[in-house]
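Chain by chain, the residues:
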Amino acid sequence: MSAPPAGSDPVLTVARRGAVMGVGLNRPAKRNALNDTLILAIDACFAELDDDVRAVVVHGVGEHFSAGLDLSELTERDAAEGLWHSRMWHRVFDRIAHCRVPVIAALQGAVIGGGLELACAAHIRVAEPSAYFALPEGQRGIFVGGGGSVRLPRLIGVARMADMMLTGRVYSAAEGVAVGFTQYLAEAGGAYAKAMELADKVAANAPLTNFAVLHALPMIAESNPQAGLVMESLMATVAQSDKEAKKRIRDFLDRKTAKVRPT
Ligand code: 1HE
């Protein structure tokens, strides 16, 4: 399955396939540069997910995921406006990171600056060979402002991020898997299809397991170990006492579910 075709309007395409919602950045003529209209459309989209949506795939329409911040909107902003603008991006990308359901980013072509920050707010990233990752903020005389300095070091480490910003280093799709930007390398033209395949899988999980992975796991991982272990016990107890867990475990014991095998 390929991504939906390029369109001219609106800046954000939304499509449903069963329980999975596809959200497309749709400014291909501007390489899906993130202007305020697009950022606020993402905000509204993630603020109002339908109850029956169980996974989201974010992708870029056209040949690129996103060229990052729309630089044409930057020139007129003063310091205070810049501060609030960055906080607005934080709010919107937090909606993705703290979404009720798993969000998967399908990446091709440029995944640059704010586009990379957006991708890193998702829970799973799938790249095809054309994807490349860069932070040209150093060359532009600016800094990341969409949560990149918090999220990227947790994926690739401070030293790699510093190198990218200081030297303009660009990572290829294959390198992206090796350094930790992405979890999957899809075939050429296949990022969207692979992301949808993964979305179908995560959509079929018990909702409480997905809640625990999205909302408890990141907090546990950041906690001091003793607090983390208590939180883990609480979350495990809540999840396993849910009727969905009891049914799934009964199904396994009754040999009604697939066994775990190497892929
Ligand atoms: C843009 C942007 C943009 C393209 N803002 N308009 N991001 C960057 O520094 C990346 C800048 N972009 C590029 O390096 C290249 O455009 C690409 C490698 C992504 C694509 O190249 P190409 O040859 O396919 O397209 P193009 O001809 O360079 O661009 C097509 C159009 O998109 C052109 O506009 P046109 O009216 O002349 O047709 C470009 O000006 C426009 N365009 N990228 C505005 N980014 C919260 S802080 C985050 C800080 C950042 O994200 S910094 C990184 C910014």
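Criteria and thresholds
Residues numbered from 1 in each chain as written. Predicted model: local features only at pLDDT ≥ 70, side-chain atom pairs only at ≥ 80, totals over all residues. Heavy atoms only, no water. Pairing = 2+ DSSP bridges. Helix = DSSP H or I, 4+ residues; strand = E, 2+ residues; numbered from the N terminus. Contact = heavy atoms within 4.5 Å. Axes fitted to C-alpha atoms, helices over the stretch in contact; angles between N-to-C directions. pLDDT = per-residue confidence, 0-100. Core = buried A, V, L, I, M, F, W, Y, C linked by side-chain atoms within 4.5 Å. Buried < 20%, exposed > 50% of the residue type's maximum accessible area, 1.4 Å probe, protein only.

The 6 strands lie next to each other as 1-2-3-4-6-9, forming an open sheet whose pairing is mixed. The sheet is open, and its two edges are formed by strand 1 (12-17) and strand 9 (184-185), each paired on a single side. Relative to strand 3 (residues 55-60), strand 2 (residues 20-25) is paired through 6 bridges, and the arrangement is parallel. Note that in strand 3 the partner of Val 23 across the bridge is Val 58. Each of strand 1, strand 2, strand 3 and strand 4 (103-107) touches helix 1 (residues 36-47); the most contacted strand, strand 1, lies at about 30° to it.

So, about the confidence of the model for the protein. Per-residue confidence for the protein gives a mean pLDDT of 95, with 97% of residues at or over 70. Taken together, the stretch residues 4-8 has pLDDT below 50 and engages in 10 contacts with residues farther than four places along the chain or on a different chain.

This brings us to the nonpolar core. The tendency in soluble globular proteins is for nonpolar side chains to be buried as a group. Among the nonpolar cores identified, the biggest contains 47 residues, and Val 56, Phe 133 and Phe 181 are the most heavily contacted of them. The residues touching Phe 181, leaving out its near neighbours within four places in the chain, are Leu 116, Cys 120, Arg 125, Phe 133, Leu 152, Leu 155, Ile 156, Met 164, Tyr 171 and Gly 176. Val 57, Val 126, Tyr 192 and Ala 195 belong to the second largest nonpolar core, which has 16 residues in total.

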